[in-house]
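Spelled out from the first residue to the last, the chains are:
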Amino acid sequence: MTASQPVVDIQNISKRYGRTAALDRVSFELKRGECVALLGPSGCGKTTTLRILAGFERPDAGVVAIDGRDMSNARPYERNIGLVFQDYALFPHMTVAENVEYGMKRRGVPKAERERRRREVLRLVRLDGLDERRPSQLSGGQQQRVAMARALAPNPSVMLLDEPLSNLDARLRHDLRHELREILSAAGTTTLIVTHDQEEAIAMADRIVLMNHGRIQQIGPPRSLYERPENAFVASFLGRCNWFDGVVESALPDGSALFRTTEGLALRVRLPDPRVGAPAPSGVAVRPERLHVVEAGTELDGDFNRLPATVTRLHYLGADLRFDLTLPEGRRLEAVVKADGRPLPAPGDTVAVAVAPADCVPVAGDLPQ
Amino acid sequence: MRPTPAAWLLLVPGGLLLGGLMVAPLGLLALESLREFVGGRVGGQADRPLTLANYAELLNPAYALYFWETFRIGALVSLLALIFAFPIAYVAARTPRRGLRKGILGLLIAMLFLSVVARLYAILMAYGPTGPLKGIAQLFGTSASSAAFAEVQVMVGLLHFVLPIVALTLIGTVQNINPRLEEAAMALGAPRWRAVTGVVLPLAVPGLLSAFLIAFAMCISNFVVPLILGRGVVLFVSNLMYIRFSEIANFPSGAAIGIIMLVLSFGIVFGLTAVIRRLWPAAGGVR
Ligand SMILES: Nc1ncnc2c1ncn2[C@@H]1O[C@H](COP(=O)(O)OP(=O)(O)OP(=O)(O)O)[C@@H](O)[C@H]1O
Ligand SMILES: [Mg+2]
């Protein structure tokens, strides 16, 4: 087994339930020590992927390999996986200690070693001294940690977490996000986290696998998905975006491209994907925080598209300001700027919106409504 | 939450029904059991002083044996019913195949609807001394007309009677246990059987206990199974009571038997429940 070999390799798995294609030729891999988030809207096939990986469901087609061995037909208990369920599924009739030792017991680890490892993982998840409690005597956050400890204890090849934080309240979820990430890094395990929460995915994952309707939309580090979305779904699912539909007309000498919106507005945009066979862009996505809102007539340093706009509303968000703007053609835009104490335009004022060509990303596909 | 005075009113219809149909007749039964019986006359003597003679008579080993046999066979059958019904219930509750689940449910409910008497005569005709399957008795090292085989037949008959109800009760029990728990156990390296014995069974203890008690109550109060399959060799307390009441019209003795049966059954139900709750405090405490 070489260091570069992926721990988990999923190739072309498909799964149908009756007429719905839950998964359609899904392929991705997990490298050693990596934390990957499987992200997508409800019903896109995240849980199905996880259950196929864990061995609770059989794919109709495709191969699942773990540690280089074909596991497509292996039973769950033959796979050496660590699973954390959304509802934790702690054994209610066992103590915390018995829960955590269960996996090692099944693998025949001797008692002394079991106890040592139990103390080790409970310390790792910062849960000392509760060994004799039962799950019903723990808070939600503590149960979450026990579930992590129980899954980590037998040293699984890969940890699979299904919406691990979604049962916790917003505050705790936010705190545990980073802590969970630290625990996983400290344990050095390869991890797949299923989530429909994009912030969670961005905060925790080294790479994101973004799915929709059973298909993979894009795989990459959070930043590349956010800044270089490959299609309209990716652009709109991750963060907010402004959308201009239209066509790319020509490449320009300065390395940008000329884009014409359906109402006839000309924009200089980033060059579309030059690869042969790449789908033609159907629009341009612009992040709200990449729009600059300036007083009409202000000179700008640098290379910008400049559009006149009317302020329809202004939302004060403390650290940020959010502008709802309308272009003369009727198109609505959203801009987020830092609240730096400058005087604010009022609703009804005419302003200029500036955006750099590099921040206008041409993408293919339809914008989901 | 404390019930409001108005809420107590809701208990009135049920209370009247229970009082009118249960408590009053049982009270009369208890009274009758204390009356003197004079052979040849119907019922007890209302004008004579009350006596415990009817109870004293039951201490006779010949009578005590009826109680022992009834409870012994009832407990054994209830235990067998749990053993047979649990796998059926587990499969019905957990199978992803809807057809299989519906098939099992349909079969169990059909068993409930089939007349008990018809089922018992079917068993008798098949396995009885003249039946084509009487050879089965030889597997038990006895003949189809022996007393031991009559007992086996009574047990089979009772099992038929209680199995569907026990299985249907246990389906609910298994469905109430989170299937993720088995999956968690399997992901941790336990084969399915280990997940079932180590996780599902302990959590099912309260449900198993109720199912056992239901089966037990149905068995020990049974009348028709020993009547048809017991061939006079195996008789339950109910049969003894029937003989007292209808054949020799000794109402006081029949009543005494009934009251003893009631007290013993209550004792067993509460005793068993207490023991199980002590042995499995965790399992009893969840849900
Ligand atoms: N056992 C099943 N029988 C029939 N259809 C199923 C089954 N499991 C999943 N599906 C369907 O497959 C698709 C994918 O489901 P899946 O549970 O994988 O979605 P998900 O991405 O986990 O969604 P969520 O975020 O809501 O949990 C859905 O359309 C779902 O209805
Ligand atoms: Mg899901």
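Conventions adopted
Residues numbered from 1 in each chain as written. Chains lettered and ligands numbered in written order. Predicted model: local features only at pLDDT ≥ 70, side-chain atom pairs only at ≥ 80, totals over all residues. Heavy atoms only, no water. Contact = heavy atoms within 4.5 Å. Buried area = accessible area lost by both parts, 1.4 Å probe. Salt bridge = Lys/Arg side-chain N within 4 Å of Asp/Glu carboxyl O. Polar contact = N/O pair within 3.5 Å; in protein donor to acceptor, adjacent residues only side chain to side chain. Helix = DSSP H or I, 4+ residues; strand = E, 2+ residues; numbered from the N terminus. Nonpolar A, V, L, I, M, F, W, Y, C, P; charged D, E, K, R; others polar. Axes fitted to C-alpha atoms, helices over the stretch in contact; angles between N-to-C directions. Parallel < 35°, antiparallel > 145°, perpendicular 65-115°, else oblique. Left-handed = near helix turned anticlockwise from the far one by under 90°. Core = buried A, V, L, I, M, F, W, Y, C linked by side-chain atoms within 4.5 Å. Buried < 20%, exposed > 50% of the residue type's maximum accessible area, 1.4 Å probe, protein only. Pairing = 2+ DSSP bridges. Near = heavy atom within 4 Å. Areas by Shrake-Rupley, 256 points an atom, 1.4 Å probe, with all protein chains shown as cover.

Asks: Let's hear about the interface of chain A and chain B: which residues, and what values?
Replies: Listed by partner, the interface residues are 21 residues for chain A and 21 residues for chain B. Per-residue buried area on chain A facing chain B is highest for Tyr 77, His 93 and Arg 106 of chain A; these three make up 33% of the total on that side. Counting across the interface, chain A meets chain B through one salt bridge. A salt bridge links Glu 183 of chain B to Arg 51 of chain A, with the shortest nitrogen-to-oxygen separation between them at 2.8 Å. There are five residue pairs in polar contact (both at pLDDT 80 or more) connecting chain A and chain B. Broken down by secondary-structure element, the contributors of at least two residues to the side of chain A that touches chain B are β6 (81-84) and α2 (96-106) of chain A. Ranked by residue count, the leading element in the side of chain A that touches chain B is α2 of chain A, at three residues. Among the residues making up the side of chain A that touches chain B, the classes are represented as 13 nonpolar, two polar and six charged.

Asks: Which residues make up the packing of helix α9 (residues 179-187) of chain B against helix α10 (residues 192-220) of chain B, and what values go with them?
Replies: Residue and element names in this part refer to chain B. Between α9 and α10, whose axes approach to 9 Å, the crossing angle comes to 140°. Classified by the angle their axes make, α9 and α10 are oblique. The chirality of how α9 crosses α10 is right-handed. Of the residues in α10, those touching α9 at Leu 181, Glu 182, Ala 185 and Met 186 are Arg 192, Ala 195, Val 199, Val 200 and Leu 203. Looking at side-chain class alone, the contact of α9 with α10 contains seven nonpolar, no polar and two charged residues.

Asks: Describe the pattern of salt bridges, listing the residues and the values that go with them.
Replies: Here the structure, examined in full by the defined rule, presents 38 salt bridges over all chains. As a salt-bridge pair, Arg 207 of chain A and Glu 34 of chain A come within 2.5 Å of each other at their nearest N and O atoms. With Arg 207 of chain A in strand β9 (residues 207-212) and Glu 34 of chain A in the loop between β2 (20-30) and β3 (35-39), the pair connects residues that are 173 residues apart, well separated along the chain. In this structure, Arg 72 of chain B engages Glu 69 of chain B in a salt bridge whose closest nitrogen and oxygen atoms are separated by 3.0 Å.

Asks: Residues and numbers for the nonpolar core, please.
Replies: Within the largest apolar cluster, 103 residues are counted, with the highest numbers of intra-cluster contacts made by Phe 91, Leu 160 and Leu 192 of chain A together with Phe 86, Val 166 and Leu 170 of chain B. Looking at which element gives the most residues to this core, the answer is α10 of chain B, with 17 residues. Not counting residues within four places of it along the chain, the set of residues in contact with Leu 192 of chain A comprises Phe 28, Leu 30, Val 36, Leu 38, Leu 50, Leu 53, Met 159, Leu 160 and Leu 161 of chain A. Judged by nonpolar contacts, the second largest core, of 30 residues, contains Leu 122, Leu 138, Met 148 and Leu 165 of chain A.

Asks: Quick one: what's the story with the sheet that holds strand β20 (residues 361-363) of chain A, residue by residue and with numbers?
Replies: All names here are of chain A. Ordered in space as β13-β12-β11-β14-β20, the five strands form an open sheet in which the pairing is antiparallel. Strands at the two margins of the open sheet, each flanked by one partner only, are β13 (266-269) and β20. Averaged over all adjacent pairs, the angle separating strand axes in this sheet is 45°, with direction ignored. In the sheet, strand β14 (residues 283-286) pairs with β20 via three bridges, with the strands oriented antiparallel.

Asks: Describe the site of ligand 1, naming the residues involved and giving the relevant values.
Replies: All names here are of chain A. Ligand 1 sits among Tyr 17, Ala 22, Ser 42, Gly 43, Cys 44, Gly 45, Lys 46, Thr 47, Thr 48 and Glu 163. Lys 46 places a polar side-chain atom, nitrogen or oxygen, 2.8 Å from an oxygen atom of ligand 1. At 2.5 Å, a side-chain N or O of Thr 48 approaches an oxygen atom of ligand 1. When the free accessible area of ligand 1 is taken as 640 Å², the share hidden by the protein chains comes to 58%.

Asks: Summarise α2 of chain A; cite the residues concerned and give the values.
Replies: Of all the 11 residues making up α2 of chain A, eight are buried; the element is thus mostly covered by neighbouring parts of the structure. Three or more residues of α2 of chain A are buried, namely Val 96, Ala 97, Asn 99, Val 100, Glu 101, Tyr 102, Gly 103 and Met 104 of chain A.

Asks: Which residues make up the packing of helix α4 (residues 61-94) of chain B against helix α13 (residues 251-279) of chain B, and what values do they have?
Replies: Residues and elements named next belong to chain B. Orientation of α4 relative to α13, taken along the N-to-C sense of each, is 40°, at an axis distance of 12 Å. As the angle between them shows, α4 and α13 are arranged oblique. Of the two possible hands of crossing, α4 and α13 adopt the one that is right-handed. Counted together, Phe 67, Thr 70 and Phe 71 of α4 and Ile 257, Ile 260, Met 261, Leu 264, Ser 265 and Ile 268 of α13 form the full contact between these two elements. Class assignment of the residues belonging to the contact of α4 with α13 gives a composition of seven nonpolar, two polar and no charged.

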